[in-house]
Amino acid sequence: RVTTMTVAVNNNRRKDTPPTWYRVTMWNGLGDTVCKYVDKGSFVICICDRLTASAWINEQCEPMATLEATASSIDFSMNRRGDNENISVNDGDIPF
């Protein structure tokens, strides 16, 4: 099974710049666990194996691009909202 979420990365050095958005893909149990504990707006740290960029032309003939990453681990123990448990999950820790 595959799960995908969009993650915003803020530039701490230049607060006036917009965030960079990544499409993060998780496989098998890692995605199931993230779905259980992460909500929109949650603070997460994604450890990723692979980062790729994709480009295409949309229906209005405008160039588009996306940054995609495959997560091997997600850490949400630093959740700023404080309403989730302190859990760090590695893909290898999941038994299925």
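Anyway, here's the lowdown on the structure attached to this text.

1. So, the nonpolar core
Working step 1: In terms of nonpolar packing, the biggest core is built from 12 residues, these being Met5, Val7, Val24, Met26, Leu30, Val34, Tyr37, Val38, Val44, Ala71, Ile74 and Phe76.
Working step 2: Breaking this core down by element, the ones donating at least two residues are strand E1 (2-9), strand E2 (20-27), helix H1 (29-37) and strand E4 (63-75).
Working step 3: With 3 residues, H1 is the single largest residue contributor to this core.
Working step 4: Contact partners of alanine 71, with chain neighbours within four places excluded, come to Val24, Thr25, Met26, Leu30, Ile47 and Cys48.

2. What to know about the environment of cysteine 46
Working step 1: Among the secondary structure elements, cysteine 46 is positioned in strand E3 (residues 45-57).
Working step 2: Overall, the relative accessible area of 24% leaves cysteine 46 in the partly exposed class.
Working step 3: As for cysteine 46 and serine 73, which are separated by 27 residues in sequence, their C-alpha atoms are 6.1 Å apart.
Working step 4: Excluding residues within four positions of it along the chain, cysteine 46 makes contact with Met5, Val7, Val24, Ser73 and Ile74.

3. Here we look at a nonpolar patch on the surface
Working step 1: Taken together, the side chains of Ile45, Ile47 and Met78 present a nonpolar region at the surface, about 280 Å² in accessible area.
Working step 2: Looking at the element boundaries, methionine 78 is found in the loop between E4 and strand E5 (88-90).

4. Topic: the pattern of salt bridges
Working step 1: Enumeration over the complete set of coordinates arrives at 1 salt bridge.
Working step 2: A salt bridge links arginine 1 to aspartate 32; the shortest N-O distance between them is 3.3 Å. Taken together, the residues arginine 1 in the segment before E1 and aspartate 32 in helix H1 connect sequence positions 31 residues apart.
Working step 3: For arginine 1, a relative accessible area of 66% corresponds to the exposed category.
Working step 4: Taking the relative accessible area as the measure of exposure, aspartate 32 reaches 26% and is therefore partly exposed.

What counts and how
As a convention, each chain's residues are numbered from 1 in the sequence order in which they are written. Only residues with pLDDT of at least 70 are given local features in this predicted model, and only at 80 or more are side-chain atom pairs given and counted; all residues enter the totals for whole chains, interfaces and linings. Remark: hydrogens and water are excluded; side-chain values derive from all non-hydrogen atoms of the structure. Definition of nonpolar core: a set of buried residues of the types Ala, Val, Leu, Ile, Met, Phe, Trp, Tyr and Cys, connected through side-chain atoms within 4.5 Å. Partly exposed describes any residue whose relative accessible area lies between the buried limit of under 20% and the exposed limit of over 50%, with all areas from a 1.4 Å probe on protein chains only and scaled to the type maximum. Where helices and strands are cited, they refer to DSSP runs of H or I of at least four residues and of E of at least two residues respectively, numbered from the N terminus. The contact criterion used is simple: two residues touch if any of their non-hydrogen atoms lie within 4.5 Å. Patch building starts from residues that exceed 30% relative accessible area and form no salt bridge, then joins like charges within 9 Å and nonpolar side chains (Val, Leu, Ile, Met, Phe, Trp, Tyr) within 5 Å. Methods summary: accessible areas were calculated by the Shrake-Rupley approach with a probe of 1.4 Å, and residue burial reflects only the protein chains presented. In the sections that follow, a salt bridge refers to a side-chain nitrogen of Lys or Arg positioned within 4 Å of a carboxyl oxygen of Asp or Glu.

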